[in-house]
There are 2 protein chains.
Amino acid sequence: MAVRDALTSDRVVDAALALADAHGLEALTMRRLGAALGVEAMSLYRHVASKDALLDALGDALVAFWIAPAAEVGTPPETATPPAAGSPTPGGTTTEAWRTAIATIMHRAHRELLSRPWAIELLASRPHVGPARLRYAEEITAALLDAGFSTQLAHHGLHIVDGTIMGFSAQEARRPSAEAMGSGVQRLWDGELAAEFPAISRTIRERHDHGEEYTLMVDLVLDGLARLRDGERPPRTAPSAPYPQLIG
Amino acid sequence: MAVRDALTSDRVVDAALALADAHGLEALTMRRLGAALGVEAMSLYRHVASKDALLDALGDALVAFWIAPAAEVGTPPETATPPAAGSPTPGGTTTEAWRTAIATIMHRAHRELLSRPWAIELLASRPHVGPARLRYAEEITAALLDAGFSTQLAHHGLHIVDGTIMGFSAQEARRPSAEAMGSGVQRLWDGELAAEFPAISRTIRERHDHGEEYTLMVDLVLDGLARLRDGERPPRTAPSAPYPQLIG
DNA sequence: ACCTGAACACCGTTCAAGT
DNA sequence: ACCTGAACACCGTTCAAGT
């Protein structure tokens, strides 16, 4: 009983998020989700087309955390007069506004992704583009266009920023479980594999700040984008050969 | 009957790869895999601890395609004398050797990942680090150390390169299905959402070469790493505020 | 209109039984 | 030693039936 007023699809997604937070993504089954809502599993299908659709909605709900809740704030969609690029930020520094804007999104997304161990797995397996992901893409693209990027380069920039967020977070999320597991990583750490893998054996014991490493990557990407905008192409590094001489 | 000689764990993994290639990752069930090998599902458990272990092995088999088959080639683990950084490549250009080496891996990994629509999903959901992933990490780290990167920076560099490969490929793999699906992307393309999402509406119709975009990202990352090695820190871009003024 | 019970066609995995 | 059959405890989803 308790609070059972009118099941809505939003309430279903909220409950799914809570269930995944509590017991992991594999515990998110229609039967358990129904139970959590005090209802049979089959009742959920009145509010959600399928489990796939539910997971898509859940993924988009995660992306919603990355962006400012503009719909709530009440700022009209006024993009007529972009702020001049290079204008000083409220803080008084002279960092270009677009860099601050995109760095903010990148750090927030990273933080949100790492706050839920199951978040990256879900998003990586769901190609769905919902309203939140559109808003997220819009914010990044708008920041780039306003900063004088060409439409072509802004398009590339969105993909580069998006790829950086997802890829770096995924790689970082992989770390703790790899260390926890008895996989090769543990034996590396113990120095067992120093002969076979000398380079990673040397570097793996480094103490390093994860947050600092992501900041490094964010700055590297934003700096690279700024250089591209300013016409400064990095030296083109051609791969030596698409493939080694494999048989077949 | 046909070829049924001695089921081995390698044969099981090979069959799993073929099955996923033919019918997708969701078709890879123990029952169907057994049938493909002319055997009952339960027989597989003699060669594979669990389905999870099988998926881990399959993921590592994918990573093996990214690296040169050194075990076969017969090059001894001779890392005593690193080639001098900045030496001319066989092609006659003066690109530093480490950039060519890492760019080669990045392009090969990207190509392999995109050749199997299910590859990124599998790798993103499997934190397991197997022998192939260790070799892959070793090759990248060794290239960086040989090129004069500090152990600290080589460690960061590995994570940055790995994150770039996975993130960019995932983002790219998402594109076709997003366009195929009736999600917001199609309506964007039709110009329906131009008012709500002006920036992405402007950029989305760009014709652009996907391979070229990845090359751009690879060069951006390698150039950024080179600058870090040479002590040239990009301007630190602090996010404006960790979080917007949210209630609660 | 909304929820349910029973059922269908699947899963991964265990375990005693076969050869 | 290696493979199997039946079974267990689950899945997502359909559908006629309840209120």
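The paragraphs below set out a description of the structure included in this document.

What counts and how
Along each chain, numbering runs from 1 in the same order as the chain's sequence is written. Written order decides the labels, with chains lettered from A and ligands numbered from 1. pLDDT decides what is reported in this predicted model: residues at 70 or higher carry local features, side-chain atom pairs at 80 or more are listed and counted, and totals for whole chains, interfaces and linings draw on all residues regardless. Side-chain calculation: all heavy atoms of the structure are included, whereas hydrogens and water are not. Strands are runs of DSSP state E lasting at least 2 residues, helices are runs of H or I lasting at least 4, and numbering of each runs from the N terminus. For each residue, the accessible area found with a 1.4 Å probe, counting protein chains only, is set against the maximum for its type, and the residue is called buried under 20%, exposed over 50%, and partly exposed in between. Contacts: residue pairs with any heavy atoms within 4.5 Å of one another. Areas reported here follow the Shrake-Rupley algorithm with a probe of radius 1.4 Å; residue values treat only the protein chains shown as occluding. Here the copies are superposed with least squares, the fitted atoms being C-alpha atoms of residues at a pLDDT of at least 70 in both. The cutoff for a nearby residue is simple: one of its non-hydrogen atoms must lie within 4 Å of the molecule or strand. Nitrogen and oxygen atoms within 3.5 Å of one another constitute a polar contact, given that in protein one can donate a hydrogen and the other can accept it, and given that sequence-neighbouring residues count only through two side-chain atoms. Residues are grouped as follows: nonpolar covers Ala, Val, Leu, Ile, Met, Phe, Trp, Tyr, Cys and Pro; charged covers Asp, Glu, Lys and Arg; every other residue, Gly included, is treated as polar. For any pair of parts, buried area is found by adding up, for both, the accessible area (1.4 Å probe) each one loses once the two are put together. We define a salt bridge as a contact between a side-chain nitrogen of Lys or Arg and a carboxyl oxygen of Asp or Glu at a distance within 4 Å. To estimate the expected span of a helix, subtract one from its residue number and multiply by 1.5 Å. Side-chain rings of Phe, Tyr and Trp, where Trp is taken by its six-membered ring, are said to pair if the distance between their centres is within 6.5 Å; with planes under 30 degrees apart they count as stacked, over 60 as edge-to-face, and otherwise as tilted. Residues belong to one nonpolar core when they are buried, are Ala, Val, Leu, Ile, Met, Phe, Trp, Tyr or Cys, and are joined through side-chain atoms within 4.5 Å. What goes into a patch is any residue over 30% in relative accessible area without a salt bridge, connected to like charges within 9 Å or, for nonpolar side chains (Val, Leu, Ile, Met, Phe, Trp, Tyr), within 5 Å. By the counting rule applied here, Lys and Arg register as positive and Asp and Glu as negative, while His and the ends of each chain are not counted. Every charge is mapped to an atom, namely NZ of Lys, CZ of Arg, CG of Asp or CD of Glu.

1. Regarding the overall build of chain A
Here's step 1: A tally of regular secondary structure across chain A gives 11 helices and zero strands.
Here's step 2: When the helices and strands of chain A are read in sequence order from the N terminus, they spell out α-α-α-α-α-α-α-α-α-α-α.
Here's step 3: Burial statistics for chain A: of 248 residues in total, 49% are counted as buried.
Here's step 4: Taking as baseline every contact in chain A between residues at least 6 positions apart, the subset at least 24 positions apart corresponds to 70%.
Here's step 5: Accessible surface for chain A amounts to roughly 12,000 Å². Of this, 56% is attributable to carbon and sulfur atoms.

2. Quick look at the environment of D190 of chain A
Here's step 1: In this structure, D190 of chain A sits in the loop between α9 (184-189) and α10 (198-203).
Here's step 2: When the C-alpha atoms of D190 of chain A and R205 of chain A are compared, they prove to be 9.5 Å apart, with 15 residues separating the residues in sequence.

3. Thoughts on the relation of the copies chain A and chain B
Here's step 1: Turning chain A through 180° and shifting it by 0.0 Å along the axis lays it on chain B, with an RMSD of 0.0 Å. Look at the turn and shift together and you get a two-fold axis relating the two. Distance from the rotation axis, computed per C-alpha, reaches its smallest value in chain A at G167 of chain A: 1.7 Å.
Here's step 2: Take the interface residues of chain A: 100% of them recur as interface residues in chain B, which is what a same-surface contact looks like.

4. Re the environment of L44 of chain B
Residue and element names in this part refer to chain B.
Here's step 1: Here L44 lies in the loop between α2 (30-36) and α3 (51-64).
Here's step 2: C-alpha of L44 to C-alpha of R31: the two residues are 13 residues apart in sequence and 9.2 Å apart in space.
Here's step 3: Not counting residues within four places of it along the chain, the set of residues in contact with L44 comprises L7, V12, M30, L33, G34, L37 and V39.

5. A closer look at the protein's contact with DNA strand D
Here's step 1: In the vicinity of DNA strand D, 16 residues are found, and the nearest of them are R31, Y45 and K51 of chain A together with E40 and S43 of chain B.
Here's step 2: When the atoms of DNA strand D within 4 Å of the protein are grouped by moiety, sugar and phosphate amount to 51% of the total.
Here's step 3: Taking M30 of chain A, its main chain carries an N or O atom lying 3.0 Å from a phosphate oxygen of DNA strand D.
Here's step 4: For the surface near DNA strand D, the element with the highest residue contribution is helix α2 (residues 30-36) of chain A, accounting for three residues.
Here's step 5: Its residues assigned to classes, the surface near DNA strand D shows five nonpolar, four polar and seven charged.

6. A closer look at the protein's contact with DNA strand C
Here's step 1: Around DNA strand C sit 16 residues in total, of which E40 and S43 of chain A together with R31, Y45 and K51 of chain B are the nearest.
Here's step 2: At a separation of 2.5 Å, a base nitrogen of DNA strand C approaches a polar side-chain atom of R31 of chain B.
Here's step 3: The biggest single contributor to the surface near DNA strand C is α2 of chain B, with three residues.
Here's step 4: Its residues assigned to classes, the surface near DNA strand C comprises five nonpolar, four polar and seven charged.

7. A short note on the interface of chain A and chain B
Here's step 1: In this complex, chain A contributes 92 residues to the contact, which on the side of chain B involves 93 residues.
Here's step 2: Here chain A and chain B share an interface that buries about 7,800 Å² over both sides, 65% of which is from carbon and sulfur atoms.
Here's step 3: The interface formed by chain A and chain B includes zero salt bridges.
Here's step 4: At the surface where chain A touches chain B, the tally comes to 14 residue pairs in polar contact (both at pLDDT 80 or more).
Here's step 5: Elements with a contribution of two residues or more to the side of chain A that touches chain B: α5 (97-115), α6 (119-125), α7 (131-146), α8 (151-180), α9, α10 and α11 (210-229) of chain A.
Here's step 6: Top element by residues in the side of chain A that touches chain B is α8 of chain A. It accounts for 20 residues.
Here's step 7: Considering only residue class, the side of chain A that touches chain B consists of 43 nonpolar, 26 polar and 23 charged.

8. Regarding helix α5 (residues 97-115) of chain B
Here's step 1: For α5 of chain B, with 19 residues, the first-to-last C-alpha span of 27 Å sits near the 27 Å given by 1.5 Å per residue.
Here's step 2: Burial of α5 of chain B is extensive: 14 of the 19 residues sit out of reach of the surface.

9. With respect to the packing of aromatic side chains
Here's step 1: On inspection of all chains with the given rule, the structure shows six aromatic pairs over all chains.
Here's step 2: Plain terms: the ring middles of W66 of chain A and Y136 of chain A are 5.2 Å apart, the flat faces sit at 80° to each other, and that makes the pair edge-to-face. Placement of the pair is W66 of chain A in the loop between α3 (51-64) and α4 (70-73) and Y136 of chain A in helix α7, with a sequence separation of 70 residues.
Here's step 3: When the ring of W98 of chain B is compared with that of F149 of chain B, the centres are 5.1 Å apart and the planes differ by 75°; the resulting orientation is edge-to-face. Of the two residues, W98 of chain B sits in helix α5 while F149 of chain B sits in the loop between α7 (131-146) and α8 (151-180), which places them 51 residues apart along the sequence.
Here's step 4: Of the residues examined, F149 of chain B reaches a relative accessible area of 5% and is grouped as buried.

10. What to know about the nonpolar core
Within soluble globular proteins, side chains that are nonpolar generally end up buried alongside one another.
Here's step 1: Ranked by internal contacts, the top residues of the largest apolar core, which has 148 residues, are L33, W66 and W98 of chain A together with L33 and W98 of chain B.
Here's step 2: If sequence neighbours within four positions are ignored, L33 of chain A has contacts with V12, A15, A16, L19, L28, L44 and L54 of chain A.

11. Observations regarding a negative patch on the surface
Here's step 1: Residues E26 and E121 of chain A together with E26 and E121 of chain B make up a contiguous surface patch of negative charge.
Here's step 2: By secondary structure assignment, the location of E121 of chain B is in helix α6 (residues 119-125).
Here's step 3: The partly exposed category is assigned to E121 of chain B, whose relative accessible area is 34%.

12. Details of the pattern of salt bridges
Oppositely charged side chains can form a pair if their charged atoms are brought close together.
All names here are of chain A.
Here's step 1: Under the definition given, this model contains 16 salt bridges over all chains.
Here's step 2: Salt-bridge contacts for E96 lead to R229; the nearest nitrogen and oxygen are separated by 3.1 Å. Taken together, the residues span a long stretch of sequence, with E96 in the loop between α4 and α5 and R229 in helix α11 at a distance of 133 residues.
Here's step 3: Classification of R229 as partly exposed rests on a relative accessible area of 21%.

13. Brief notes about the side chain of T164 of chain B
Here's step 1: By the secondary structure assignment, T164 of chain B is in helix α8.
Here's step 2: Apart from the residues within four sequence positions on either side, T164 of chain B is in contact with M217 of chain A together with M106, S169, M217 and V221 of chain B.

14. Thoughts on helix α1 (residues 9-23) of chain B
Residues and elements named next belong to chain B.
Here's step 1: For α1, with 15 residues, the first-to-last C-alpha span of 21 Å sits near the 21 Å given by 1.5 Å per residue.
Here's step 2: Taken together, the buried positions of α1 are V12, V13, A15, A16, L17, L19 and A20.
Here's step 3: Buried residues along α1 sit against α2 and α3.
Here's step 4: Where α1 terminates, the next one or two residues include G24, which has phi positive at roughly 90°.

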